[in-house]
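Commentary on secondary and tertiary structure
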Amino acid sequence: MQGHGLAACTVGHHSARIGEARSTLDEGVISHCNERALALGAAPGQACAALIERLLGGAG
């Protein structure tokens, strides 16, 4: 993703059920981010929902 200029994060399987978007959003914890995502404020250990809310400007 980084090579295409896209920010990308992963959510660990220990925090959310694989293949279930609602679980990823509600319970997911970021386990890895590329440089582009880090520049946007993403960080390993951060709740997925908190990152999305912040990126949307709190409009969630």
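So, here is what we can say about the structure in this document. (Residues numbered from 1 in each chain as written. Predicted model: local features only at pLDDT ≥ 70, side-chain atom pairs only at ≥ 80, totals over all residues. Heavy atoms only, no water.)

Observations regarding the overall build of the protein chain
Here is the rule: Runs of H or I in DSSP of at least four residues are treated as helices and runs of E of at least two as strands, each being numbered from the N terminus. Only C-alpha atoms enter the radius of gyration, while the globule expectation follows 2.2 Å times N to the 0.38, with N the number of residues. Using a 1.4 Å probe on the protein chains alone, a residue whose accessible area is under 20% of its type maximum counts as buried, one over 50% counts as exposed, and one in between counts as partly exposed. We call two residues contacting when some pair of their heavy atoms lies within 4.5 Å. Every accessible area reported is derived by Shrake-Rupley at a probe size of 1.4 Å, with residue values counting cover from the shown protein chains alone. Charge assignment in this entry is limited to Lys and Arg as positive and Asp and Glu as negative, and neither His nor the chain termini are counted. To locate a charge, take atom NZ for lysine, CZ for arginine, CG for aspartate or CD for glutamate.
The helix and strand inventory of the protein chain stands at 3 helices and 2 strands. Mapped from its N terminus to its C terminus, the protein chain presents α and β elements in the order β-α-β-α-α. Scaling as 2.2 N^0.38, a compact globule of 60 residues should have a C-alpha radius of gyration of about 10 Å, and the protein chain matches this with 11 Å. Here the C-alpha coordinates of the protein chain stretch approximately 30 × 25 × 20 Å along the principal axes. Of all 60 residues assigned to the protein chain, the portion counted as buried reaches 22%. Of the contacts made within the protein chain by residues no fewer than 6 positions apart, 32% connect residues no fewer than 24 positions apart. In the structure as shown, the protein chain presents an accessible area of about 4100 Å², 58% of it carried by carbon and sulfur atoms. In the protein chain, the 4 positive side-chain charges and the 5 negative ones have mean positions that sit 5 Å from each other.

Overview of the pattern of salt bridges
So the rule is basically this: The salt bridge definition used is simple: a Lys or Arg side-chain nitrogen within 4 Å of an Asp or Glu carboxyl oxygen.
All told, the structure shown has 3 salt bridges when counted by the stated rule. Here arginine 17 and glutamate 20 are joined by a salt bridge, their closest N and O atoms 2.9 Å apart. Residue arginine 22 pairs with aspartate 26 through a salt bridge whose shortest N-O separation is 3.2 Å. Remark: aspartate 26 and arginine 22 occur in helix 1 (residues 21-27); sequence separation between them is 4 residues, near one turn of the helix. Owing to a relative accessible area of 57%, arginine 22 belongs among the exposed residues under this scheme. Taken together, the shared-partner salt bridges connect Arg17, Glu20 and Glu27 into one network.

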